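Residue-level structure breakdown
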Amino acid sequence: MPPDERAGPVVAAVHRLLLADDDRSGDLAAKAAVLARAEAPLLDGAAVADVVRRVTAEARGLGVLDPLLADPDVTEVMVNGPGPVWIERHGRLQRLAVAVTRETIELLVERVVGPLGLRIDRSSPLVDARLPDGSRVNAVVPPLAVDGPYLTIRRFAVRAIDLDAVCPPGGAAVLRAAVVDRANVVVAGGTGAGKTTLLNALAAGIPAGERVVTVEDAAELRLERDHVVRLEARPANAEGTGAVSVRDLVRNALRMRPDRIIVGEVRGPEALDMLQAMNTGHDGSLSTCHANSPADALRRLETMVLTGTVALPLAAIREQLSSAIDLVVQVARRRDGTRRVVEIAEVTDDAARTRTIVDEHGVAAPSTRGARRWSA
């Protein structure tokens, strides 16, 4: 019988004994091993080790979710209330045999949000947080969660990608040249399409010696560079104070002598500040937004700008977009779970129209805006 099956009945008993122990000093793993042998003397070394691993995960980590978060192929962990756990692996959803109780979910949620000074209860039933490894966590509890509580963890992807592997023929060369030439690039795509992963790959092409300031709602970018300053927004605390928005950070980044500014994702009025930064000497800036096409990305940016200002004519916004953004790169997740660049478009005129220079088949048109080597 596999070690995990032999150890299963002992884990809950050892965990209860540890909780009842008033002496919290000493080595937790050593205590768990002693209690496991006392509880089930016939367990062999492999089974005892399995008990110790699972008990310490329950006591210090995220319990049954820890092995999933340690699996590099798992990109999302989803708990839809009491019952089975779902994951996304290689772009496909899978239902696991692992099941969790309501009490376990509540404990996991509290273990995530408690150290961050956040609150989640009936009066504040939504929370976004970040694990130490950078993974993003969203929790929803009743009354909003009908079958809840719900927990969704988007894993931080540490893997680097090769632009040639995810771009159509000629696309990687266009993107590399655009980054070196300090083009302002927006990566667009749907949720889970791989926008942040592609942004990491593009930022890797920034020449050495430049000072890069990153601004993110939740820190996910990992730039292997000597000179990077990372800024992360902060939500309000349990008392509703202390929030620092992405817009605040973008404005502050301008005072930090950046050669380039990377905004992990624009989703609100900070779009105006990003455009102004691109138009005031901070060429080579990069960002992402949710959109289904390059043209849709520009329309969404227009809407975002309008949410943060009053009485600014649409024509003026479009002029800002046209002068600020050089390229929009569209990424998509296909039916088989793979993520690919499906279009690279340039912004062409004051009306902020787009023109495809590389499509998903690699058919390219010469760039009319940037250097000739932008063309595939």
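Right above here is the structure, for reference.
Remember, predicted model here, so these are calculated numbers, not experimental data.

Thresholds, definitions, all that
- Every chain's residues receive numbers from 1 upward, in the order its sequence appears when written.
- The model is predicted, so local features are restricted to residues of pLDDT at least 70 and side-chain atom pairs to those at 80 or more, both for listing and for counting; the totals for chains, interfaces and linings are taken over all residues.
- Side-chain calculation: all heavy atoms of the structure are included, whereas hydrogens and water are not.
- Only DSSP runs of H or I covering at least 4 residues are called helices, and only runs of E covering at least 2 are called strands; the numbering of each starts at the N terminus.
- We call a residue buried when its accessible area falls under 20% of the maximum for its residue type, exposed when it is over 50%, and partly exposed in between, using a 1.4 Å probe and counting protein chains only.
- Only heavy atoms matter for contacts: two residues are in contact if any of them lie within 4.5 Å across the pair.
- Areas reported as accessible are Shrake-Rupley estimates using a 1.4 Å probe. Residue values count occlusion only from the protein chains shown.
- We call two strands paired when DSSP finds no fewer than two bridges between them.
- The angle between two axes is taken between their N-to-C directions and runs from 0 to 180 degrees, where each axis is a line fitted to C-alpha atoms and a helix contributes only its stretch in contact.
- Working definition of a nonpolar core: buried Ala, Val, Leu, Ile, Met, Phe, Trp, Tyr and Cys residues. They are joined through side-chain atoms within 4.5 Å.
- Any carboxyl oxygen of Asp or Glu within 4 Å of a side-chain nitrogen of Lys or Arg constitutes a salt bridge here.

This next bit is on the overall build of the protein. From N to C terminus, the protein includes 12 helices and 14 strands. Counting over 376 residues, the protein shows a buried share of 47%. Excluding contacts between residues fewer than 6 apart, the proportion of contacts in the protein whose partners are at least 24 apart in sequence is 53%. Carbon and sulfur atoms form 53% of the exposed surface of the protein, whose accessible area is close to 18,000 Å².

Glancing now at unusual backbone geometry. Here the bond from P142 into P143 is cis, since omega is 10°, no more than 30 degrees from zero. Here P143 lies in the loop between β5 (136–140) and β6 (150–154). Here G148 and P149 are connected by a cis peptide whose omega angle stands at 5°. Its identity is not glycine, yet R182 carries a phi of approximately 60°, on the positive side. Among the structural elements, R182 can be located in the loop between α7 (171–180) and β7 (185–189).

Ordered in space as β9-β8-β10-β11-β7-β12-β13-β14, the eight strands form an open sheet in which the pairing is mixed. Of all strands in the sheet, those bounded by a partner on one side alone are β9 (228–232) and β14 (354–359). For this sheet, the mean angle separating the axes of adjacent strands, direction not counted, is 25°. Here β7 pairs with strand β12 (residues 327–333) via four bridges, running parallel. By the bridge assignment, V185 is partnered in β12 with L327. On top of the sheet, helix α9 (residues 246–253) reaches β8 (212–216), β9 and β10 (260–263); it is set at about 170° to β8, its chief contact.

The six strands lie next to each other as β3-β2-β1-β6-β5-β4, forming an open sheet whose pairing is antiparallel. Unpaired on one side and paired on the other, β3 (92–100) and β4 (126–130) mark the two borders of the sheet. Neighbour to neighbour, the strand axes of the sheet diverge by 20° on average, direction disregarded. The sheet strands contacting helix α5 (residues 102–113) are β1 (74–80), β3, β4, β5 and β6, and the helix crosses β3 at an angle near 110°.

Right, let's get into the pairing of strand β13 (residues 339–347). For a regular strand, side chains alternate in direction, first toward one face of the sheet and then toward the other. Most of β13 is tucked away, with seven of its nine residues classed as buried. Pairing of β12 with β13 involves seven bridges; the strand directions are antiparallel. Each residue of the ladder has a partner; that of V328, found in β13, is A345. Between β12 and β13, which follow one another and run antiparallel, lie five residues, and G337 among them has a positive phi close to 95°. The pairing of β13 with β14 spans five bridges and is classified as antiparallel. Note on β14: the bridge partner recorded for V347 is T354.

A word on the nonpolar core. C289, L301 and I325 are the most contacted members of the largest nonpolar core, which has 34 residues in total. Going through the elements one at a time, β7, β8, β9, α9, β10, α10 (270–278), α11 (294–307) and α12 (314–324) are the ones with two or more residues in this core. For this core, the leading source of residues is α10, giving six residues. Among the nonpolar cores identified, the runner-up in size contains 30 residues, and A172, V185, V212 and L327 belong to it.

Counted by the stated rule, this structure contains 19 salt bridges. Residue E76 pairs with R154 through a salt bridge whose shortest N-O separation is 3.4 Å. With E76 in strand β1 and R154 in strand β6, this residue pair connects regions lying 78 residues apart in the sequence. By relative accessible area, E76 is classed as buried at 13%. You can call R154 partly exposed: its relative accessible area is 23%. Here E88 makes a salt bridge to R333, at a shortest N to O gap of 2.5 Å. Of this pair, E88 sits in strand β2 (residues 83–89) while R333 sits in strand β12, and the two are 245 residues apart along the sequence. What makes E88 buried here is its relative accessible area of 8%. Taken together, the shared-partner salt bridges in this structure form one network comprising E88, R333 and R339.

This is a description of form; function is not addressed.
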